[in-house]
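# Overview (structure and organization)
Given next are the chains, with one letter for each unit.
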Amino acid sequence: MEYLPDDIDRVDIIVSEFMGYNLFTESMAETVIYARDKWLKPNGLILPQKCYLFIVGVRDAERKAEIFDTWNNYTVPSTRDNENETDGVDDIVFDFSDLRKAVLRRPLVYQVKENQVTTEPYLLYTLNMKTVSRSDLRSLEMPFSLNLLTYGELHAFATFFTVIFTHTYKEEEFSTAPWERATHWRQSVFFFDKTIPIFPNKKINGIFKIEKNPRYERDIDTTISFTYDCERLGQKFEVTQRYNDHQF
């Protein structure tokens, strides 16, 4: 949005579907901020005005194996019928470990099942479109503390958002949570290399950081760091993994 009709210099309401995957992907909120600062009247409305970004833990061994473990080492069998045969070639092993790392760095977008959620949701960030500035969104460092609900394994974190429409006849909201009706946003899922054994009533503490990619203005770089003390197994996990929407 770069201009208004010649006979209009201010507006009463801005309505925009600015939410991207993981709320911030493609950085469309900045376009609304630009329009707000340039054209919205002092008491004007933005719909939706507030968005809440949440994080949960996810188990999805099948998806992880399907998408990522495909890139483990691959062996082409020997052409010999038996080990004493002199003709032919030995097994050929292809090392795809670098490709696997690259694939792991790309968040997936799909509908997580409710029974795959392993933690309580945690509120990462409240986005208020009436007060947020463009500089606020260049880098966000959001701590989290997730309470584990179940036994099993943790393979990923997923983010979703809830949107609130205020200043309407009746306050309305909708959510992209796994337990709500599916939307085209679904959830953003961040797998990590390690599989983490989990037990209920324990906590995973970490930081979810997003910042604008220096080369691609609309892309987001994400870094997730977390610690988890698995006392039952005598293990302490410290994980830091980086993700980027623009991998290929």
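Residues numbered from 1 in each chain as written. Predicted model: local features only at pLDDT ≥ 70, side-chain atom pairs only at ≥ 80, totals over all residues. Heavy atoms only, no water.

### Here's the deal with the overall build of the protein chain
- Of regular secondary structure, the protein chain possesses three helices and 14 strands.
- Counting over 248 residues, the protein chain shows a buried share of 43%.
- Long-range pairs, those at least 24 residues apart, make up 76% of the contacts in the protein chain with a sequence separation of at least 6.
- Roughly 14,300 Å² of accessible area belongs to the protein chain as shown, and the carbon and sulfur atoms make up 48% of that amount. (Helix = DSSP H or I, 4+ residues; strand = E, 2+ residues; numbered from the N terminus. Buried < 20%, exposed > 50% of the residue type's maximum accessible area, 1.4 Å probe, protein only. Contact = heavy atoms within 4.5 Å. Areas by Shrake-Rupley, 256 points an atom, 1.4 Å probe, with all protein chains shown as cover.)

### Topic: the nonpolar core
- Within the largest apolar cluster, 49 residues are counted, with the highest numbers of intra-cluster contacts made by Y125, L127, F144 and F157.
- Apart from the residues lying within four places of it in its own chain, the contact partners of F144 are I55, Y122, L124, F157, I204, N205, G206, I207, F208, I224, S225 and F226.
- By size, the runner-up hydrophobic cluster in this structure holds 16 residues, among which are F54, V58, V112 and V117. (Core = buried A, V, L, I, M, F, W, Y, C linked by side-chain atoms within 4.5 Å.)

### With respect to the pattern of salt bridges
- Throughout the structure, instances matching the rule amount to six salt bridges.
- A salt bridge links D12 to K41, with the nearest nitrogen and oxygen atoms 3.2 Å apart. One end of the pair, D12, is in strand β1 (residues 11-15); the other, K41, is in strand β2 (residues 40-47), and 29 residues separate them in sequence.
- Owing to a relative accessible area of 47%, D12 belongs among the partly exposed residues under this scheme.
- Through salt bridges with shared partners, one network takes in E30, R134 and K212. (Salt bridge = Lys/Arg side-chain N within 4 Å of Asp/Glu carboxyl O.)

### What to know about the environment of R59
- Position of R59 among the secondary structure elements: in the loop between β3 (50-58) and α2 (61-67).
- Relative accessible area serves as the criterion here: at 28%, R59 is assigned to the partly exposed category.
- Aside from chain neighbours lying at most four places away, what touches R59 is N115, Q116, T118, T150, Y151, E153 and H155.
- Among the polar contacts made by the side chain of R59, one reaches the main-chain carbonyl oxygen of Y151 at a distance of 3.3 Å. (Polar contact = N/O pair within 3.5 Å; in protein donor to acceptor, adjacent residues only side chain to side chain.)

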